[in-house]
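# What the coordinates show
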Amino acid sequence: MRGSMFTVTSTDVRDRVAELIRRAVQGNAPVGITRYGHIEAVLISKERYDRLTKEQEN
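Now for a description of the structure that goes with this document.

Analysis parameters
Residues numbered from 1 in each chain as written. Predicted model: local features only at pLDDT ≥ 70, side-chain atom pairs only at ≥ 80, totals over all residues. Heavy atoms only, no water. Helix = DSSP H or I, 4+ residues; strand = E, 2+ residues; numbered from the N terminus. Expected span 1.5 Å × (residues − 1). Bend = angle between axes of the 7 residues up to and from the residue. Buried < 20%, exposed > 50% of the residue type's maximum accessible area, 1.4 Å probe, protein only. Contact = heavy atoms within 4.5 Å.

### What to know about helix α1 (residues 10-26)
Along its 17 residues, α1 runs just 21 Å from first to last C-alpha, ending more than 12% under the 24 Å computed at 1.5 Å per residue. Maximum bend of α1: about 90 degrees, positioned at R16. For α1, the full list of buried residues reads V13, L20 and A24. Packed against the buried residues of α1 are β1 (6-9), β2 (31-35) and β3 (38-43). Just beyond α1, the residue with positive phi is N28, at close to 45 degrees.

### Observations concerning the side chain of T34
Structurally, T34 is set in strand β2. With relative accessibility at 13%, the residue T34 sits in the buried group. The contact partners of T34, leaving out residues within four places of it in the chain, are T7, V8, T9, S10, I39 and E40.

Below, the structure written as structure tokens:
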């Protein structure tokens, strides 16, 4: 991923899921989800996901 990524702990995701989805969709920016101090997963908008999967098909 290029640029800086907003990150949040997996524990915080449970309490802030609606906010994080909004951030990923409206800001069209990935949200890194950390466990034990390392990014383990990334939340992205469906639009961004569709672009990524379309690029892989080509």
